[in-house]
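# Reading the structure
So the chains spell out like this:
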Amino acid sequence: MDQAVIDKTLELIKSQEKAGEGNERVKEIINRLLEDLFNAMADLDITSEEMWIACDWLTQAGKNNEWGLIFAGLGIEKFIDVKMDWEDEQAGIENKTPRTIEGPLYVAGSPESHGYAELETEVEEGAERLYMSGYVRDEQGNPVPGAKVEVWHCNLKGLYSYFDSTQPDFNLRRAIITDANGKYEFKSFLPVGYSCPPNGSTDTLMSLLGRHGSRPAHIHFFVTAPDFRKLTTQINIEGDPLTYDDFAFATRPELVPPVVRISAEDAAKEGKDEAFAK
Ligand code: MBD
Ligand code: FE
């Protein structure tokens, strides 16, 4: 198709923009996205019918509050991560714990505690108890005391508090401040994987792409400390069949730590609960 068609349309749109009014960054982004979109519409001969199907799907996705899921599923969030990794590589920055996506289900303001937290506000029946501990360290391997480790994960139904109104506020969401050795510890349970709402906008799109809309079991982390940049990451629960088939592309081999299973009797004998619940 003739480039003139695209140019003419873009020119019409820009002719209404008043210099010095509005927001320059928004103008730059929207005009560029429109140019790319018109090129795609031209190359792919997108019809009026297809355009209205898209409009209806976009409307429904918003009504369903699924845009965060769609950004994850289309790799839009992943793109930012890949780009940041590349920028770090260029700058010679070596990340000991790799970053991965935040996802759309974070909530700010989790209850804060020092050194140790229990993530369950409401006890999850039939869950496999999980104890996790770790250290926040700087580039030289020195401990970072006073770092804030925010942790969040879903319940055994694959649902996150706040987004699931049946759970208490901040259930499975905590902020732990590292101790003098840079250590944090928490007690929770092994979460399960997440699946997009069945027949929702994301699920429908994934099916049309010959894909699924599920994630392996995982736990999210933000690590922040004064004078350090923020780390956004996750761990995967080893052994989940979807570990390397995540619809949100978040899994990284370095983020699948070994899970050591011990019997309830041995845990009791070792005084796990007491050791953790300081
Ligand atoms: C999740 O739990 C999640 O972490 C992401 C990235 C997308 C959907 C659900
Ligand atoms: Fe998640």
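Bear in mind the structure is a predicted one, so any value in this text is a computation, not a measurement.

## Digging into the domain arrangement of the protein chain
Taken domain by domain, the protein chain comprises domain 1 (3-68) and domain 2 (73-276). Placing the centre of domain 1 and that of domain 2 at their C-alpha centroids yields a distance of 36 Å. Listed per partner, the contact involves six residues of domain 1 and seven residues of domain 2. With both sides pooled, the region where domain 1 packs onto domain 2 buries about 540 Å², and carbon together with sulfur makes up 52% of that total. Among the residues domain 1 hides against domain 2, the three largest losses belong to W57, E66 and G68. Together they make up 83% of the total. Counting across the interface, domain 1 meets domain 2 through five residue pairs in polar contact (both at pLDDT 80 or more). Of the residues forming the side of domain 1 that touches domain 2, the biggest block, three residues, is contributed by helix α3 (residues 48-63).

## As for the packing of aromatic side chains
One pass over the full model with this rule turns up eight aromatic pairs. Relative to F222, the ring of W152 lies with its centre 4.9 Å away and its plane at 70°, an arrangement referred to as edge-to-face. Taken together, the residues span a long stretch of sequence, with W152 in strand β4 (residues 148-152) and F222 in strand β9 (residues 218-224) at a distance of 70 residues. For the residue pair W152 and F222, the accessibility class agrees, reading buried in each case. Judged by centre distance (6.4 Å) and plane angle (55°), the ring pair of Y160 and Y194 falls under tilted. Here Y160, found in the loop between β4 and β5 (173-177), pairs with Y194, found in strand β7 (residues 194-195); they are 34 residues apart in sequence, far enough to count as distant. When sorted by exposure, Y160 lands in the same class as Y194, which is buried.

Here is what the cut-offs are and how they apply
Residues numbered from 1 in each chain as written. Chains lettered and ligands numbered in written order. Predicted model: local features only at pLDDT ≥ 70, side-chain atom pairs only at ≥ 80, totals over all residues. Heavy atoms only, no water. Domains from an automatic or database assignment. Contact = heavy atoms within 4.5 Å. Buried area = accessible area lost by both parts, 1.4 Å probe. Polar contact = N/O pair within 3.5 Å; in protein donor to acceptor, adjacent residues only side chain to side chain. Helix = DSSP H or I, 4+ residues; strand = E, 2+ residues; numbered from the N terminus. Phe/Tyr/Trp six-rings, centres within 6.5 Å; stacked < 30°, edge-to-face > 60°. Buried < 20%, exposed > 50% of the residue type's maximum accessible area, 1.4 Å probe, protein only.

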